[in-house]
Amino acid sequence: QLQASGGGLVQAGGSLGLSCEIAGTMFSSNDMAWYRQAPGKQRELVAVTTSGGSTNYADSVKGRFAVSRDNAKNTVYLQMNSLKPEDTGVYYCNAYVQQPFWRKGNYWGQGTQVTVSS
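Cut-offs and rules
Residues numbered from 1 in each chain as written. Predicted model: local features only at pLDDT ≥ 70, side-chain atom pairs only at ≥ 80, totals over all residues. Heavy atoms only, no water. Disulfide = S-S within 2.5 Å. Helix = DSSP H or I, 4+ residues; strand = E, 2+ residues; numbered from the N terminus. Buried < 20%, exposed > 50% of the residue type's maximum accessible area, 1.4 Å probe, protein only. Core = buried A, V, L, I, M, F, W, Y, C linked by side-chain atoms within 4.5 Å. Contact = heavy atoms within 4.5 Å. Salt bridge = Lys/Arg side-chain N within 4 Å of Asp/Glu carboxyl O.

Trainee: How would you sum up the state of the cysteines? Please name residues and give values.
Mentor: Put plainly, a disulfide is one covalent bond tying together the sulfur atoms of two cysteines. Counted under the stated rule, the structure contains 1 disulfide. There is a disulfide in this structure between C20 and C93, and the S-S distance comes to 2.1 Å. Looking down the S-S bond of the C20 and C93 bridge, the torsion is -90 degrees, so its handedness is left-handed. Linking C20 in strand β3 (residues 16–22) with C93 in strand β9 (residues 89–97), this pair joins segments that are 73 residues apart in sequence. Judged on exposure class, the residue C20 and its partner C93 are both buried.

Written out as structure tokens, the structure reads:
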């Protein structure tokens, strides 16, 4: 369904990029998002890119992270810059699929670990 890649270990102040591909949908009509979950904490929304082209970010990542999408490649990206130790967690790709109608619904990727050392 959703295949995420990227992540890893980086020092504070560094950068990482994540990507997530979903097959079998009309990608341009999907709302795509990135969530993260730190140990002992609830999963939280990091960034979203809608089918209409708008983006939104958690206050904690504004100005440092950038979400983008390539509709031709069915892929959403998250570029993370100026990383902080508090950005550490498992990052999940999320897709709200609109089309085709028989696949309408909310889908999650398997998660990828991001660790920022101080």
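Trainee: Go over the nonpolar core, please, and point to the residues and values.
Mentor: A general trend in soluble globular proteins is that nonpolar side chains are found buried together. W34, L78 and M80 are the most contacted members of the largest nonpolar core, which totals 27 residues. When residues of this core are traced back to their parent elements, those giving at least two are β1 (2–6), β3, β4 (31–37), β5 (44–49), β7 (65–70), β8 (75–80), β9 and β11 (112–117). Sequence-distant contacts of L78, defined by excluding residues within four places in its chain, comprise L16, G17, L18, W34, V46, A47, F65, A66, V67 and Y91.

Trainee: Requested: an account of unusual backbone geometry, with residues and values cited.
Mentor: The omega angle of the peptide bond from Q99 to P100 is 0 degrees, so this bond is cis rather than trans. One non-glycine residue, N74, lies in positive phi territory at about 55 degrees. Following the sequence through the fold, N74 ends up in the loop between β7 and β8. Classification of N74 as partly exposed rests on a relative accessible area of 23%. Here the phi dihedral of S82 falls at roughly 50 degrees; this positive angle occurs in a residue that is not glycine. In this fold, S82 is placed in the loop between β8 and β9.

Trainee: Go over the pattern of salt bridges with me, naming the residues and quoting the values.
Mentor: Per the counting criterion, the structure on display carries 4 salt bridges. Across the pair R36 and D87 runs a salt bridge, and its minimum N-O distance is 2.9 Å. Pair noted here: R36 is in strand β4 and D87 is in the loop between β8 and β9, with a separation of 51 residues, a long-range link. Judged on exposure class, the residue R36 and its partner D87 are both buried.

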